[in-house]
Amino acid sequence: MLYDNLKGIRSASLSSTNLKDSNMLQVPDPDEGYKNKSAPSSPVAKRALFKFGNFSFKRRSDGSHEKLRRELKRMQSQQSAWEDDESDASSHGSLKKNVSTESKDNLDEYEIIEFDPSTFQILLDYLHTGTCTLTCSIIPGLLCAAEYYDLPDLLQACFHHAKQYIHLAAVAQMLNDLEECYWRYNSAMELVNMIIQFINTNAGDFLEQHHYITLCEPFFTIIICRELKSVAEIDKFQAMLAWAKYFLRKQRQTKGRATDDLRTLMDRLSQDLKLHKISPSDLIKIVQPAQCIENERVITALTHHANADRRRSKQQCSLSSEDSM
């Protein structure tokens, strides 16, 4: 009964719209059968529905929601992990039982605590219709939800969209959304690595256009400490300084005070900064006046340049003497 209803919803969705947009995830036509696991009738979708718990639906005059509710309840009873075990449900990773709310249909209600409402709504739309619109902004949350609820086709579609449509203006927000979950989901870690590789390939534009400015500290540190292609060390220093000032200003606005001063923050960021690769003129005109790098490090870098100049002058003298002989 449930899958007949879902099949009707899916068929109506596909017949009423022409889904040729590359941003739209689409399951095969009804005539091709339900071999795709992304289709609502697949065992993968069934398992995902089991994880959601019971839901309350508003009654409609045609009784379709009532039929769907009864079928969901029957399917739910087949899962022993959810039978009369309140502690199991409340300890579930993404569900929290709402014991204070009494449903008119005597159904348990659960609060989704793992994913934000917009992500979960897109996930439900996908399970009901077999399609959903993908954008870079929703990929991080939807990717984690697809892994959590065991939806491999949705997972693959998210990666495919990210590889095709990722752009520099979106990567900072994507990484920020992944900060709290990338260590819990393999797919999230894979997406982080893909984004960082994309940034590394376009590092010059990424820093020049200041797309890094809103990054959280962990990911900014990871990116800025890498060997970025076609990016000089002085450019890295200027990016660190701009990010640190923005970060401290944002802390003062949100918390009323900054937890670190500029020197402390720059010490953390610039540990792997190779000052000896910055020219002496830039060290004197840009780095030293900023007063955010220890003087000893600047002096050490200047000494390195002086010694290198002396070695070069000695080599030139020895070569000129050999030529004269």
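Okay, so let's go over this structure. (Residues numbered from 1 in each chain as written. Predicted model: local features only at pLDDT ≥ 70, side-chain atom pairs only at ≥ 80, totals over all residues. Heavy atoms only, no water.)

A word on the overall build of the chain
The helix and strand inventory of the chain stands at 15 helices and 4 strands. Across the 325 residues of the chain, 40% fall into the buried class. Counting only contacts in the chain whose residues sit at least 6 apart along the sequence, the fraction spanning at least 24 positions is 64%. Of the roughly 18,200 Å² of accessible surface on the chain, 49% is carried by carbon and sulfur atoms. (Helix = DSSP H or I, 4+ residues; strand = E, 2+ residues; numbered from the N terminus. Buried < 20%, exposed > 50% of the residue type's maximum accessible area, 1.4 Å probe, protein only. Contact = heavy atoms within 4.5 Å. Areas by Shrake-Rupley, 256 points an atom, 1.4 Å probe, with all protein chains shown as cover.)

Some words on the pattern of salt bridges
Under the defined criterion, the tally for this structure stands at 3 salt bridges. One salt bridge connects R268 with E217, and the closest N-O pair in it is separated by 2.9 Å. Here R268 is found in helix 13 (residues 262-269), whereas its partner E217 is found in helix 11 (residues 217-224), with 51 residues between them in sequence. Salt-bridge contacts for K274 lead to E227; the nearest nitrogen and oxygen are separated by 3.0 Å. Here K274 is found in the loop between helix 13 and helix 14 (280-290), whereas its partner E227 is found in the loop between helix 11 and helix 12 (233-255), with 47 residues between them in sequence. With relative accessibility at 23%, the residue K274 sits in the partly exposed group. Of the residues examined, E227 reaches a relative accessible area of 53% and is grouped as exposed. (Salt bridge = Lys/Arg side-chain N within 4 Å of Asp/Glu carboxyl O.)

Let's talk about the nonpolar core
Inside soluble globular proteins, nonpolar side chains tend to come together where they are buried. The biggest cluster of nonpolar side chains holds 76 residues, and the ones touching the most others in it are L191 and L215. Per-element tally for this core: the top contributor is helix 12, with 8 residues. Sequence-distant contacts of L191, defined by excluding residues within four places in its chain, comprise I139, P140, L143, F159, A162, M174 and L178. (Core = buried A, V, L, I, M, F, W, Y, C linked by side-chain atoms within 4.5 Å.)

Some points on the packing of aromatic side chains
Per the stated rule, a full pass over the model turns up 9 aromatic pairs. Between Y148 and Y149, the ring centres sit 5.0 Å apart and the planes meet at 80°, which makes this aromatic pair edge-to-face. Of the two residues, Y148 and Y149, both sit in the buried class. Three or more aromatic residues link up through ring pairs in this structure, and these residues are F206, Y212, F220, W243 and F247. Its guanidinium or amino end placed over the ring of W183, R184 lies 5.4 Å from that ring's centre, counting from NZ or CZ. (Phe/Tyr/Trp six-rings, centres within 6.5 Å; stacked < 30°, edge-to-face > 60°. Lys NZ or Arg CZ within 6 Å of the ring centre and 35° of its normal.)

A few points about the packing of helix 6 (residues 139-148) against helix 7 (residues 152-165)
At a closest axis distance of 8 Å, the pairing of helix 6 and helix 7 adopts a crossing angle of 155°. On the basis of their axis angle, the class for helix 6 and helix 7 is roughly antiparallel. In this structure, the crossing between helix 6 and helix 7 has a hand that is left-handed. Only L154, L155, C158, F159, H161 and A162 of helix 7 make contact with helix 6, whose side of the interface consists of I139, L142, L143, A146 and E147. (Axes fitted to C-alpha atoms, helices over the stretch in contact; angles between N-to-C directions. Parallel < 35°, antiparallel > 145°, perpendicular 65-115°, else oblique. Left-handed = near helix turned anticlockwise from the far one by under 90°.)

Observations concerning the environment of F237
Examined against the element boundaries, F237 turns out to sit in helix 12. Placed 33 residues apart in sequence, F237 and S270 show a C-alpha to C-alpha distance of 7.6 Å. Excluding residues within four positions of it along the chain, F237 makes contact with M266, L273, I286, V287, A290, C292 and I293.

Some thoughts on the side chain of N200
Locating N200 in the fold gives a position in helix 9 (residues 186-201). A relative accessible area of 7% places N200 in the buried class. Sequence-distant contacts of N200, defined by excluding residues within four places in its chain, comprise R226, E227, L228 and K229.

A closer look at helix 12
The terminal C-alpha atoms of helix 12, which comprises 23 residues, lie 32 Å apart, in line with the 33 Å expected from a rise of 1.5 Å per residue. Taken together, the buried positions of helix 12 are E233, I234, K236, F237, A239, M240, L241, W243, A244, L248 and Q251. In the core, the buried residues of helix 12 are packed alongside helix 10 (203-208), helix 11, helix 13 and helix 14. In the stretch just after helix 12, G256 is the one whose phi turns positive, near 85°. (Expected span 1.5 Å × (residues − 1).)

Function cannot be inferred from these measures alone, as they are strictly geometric.
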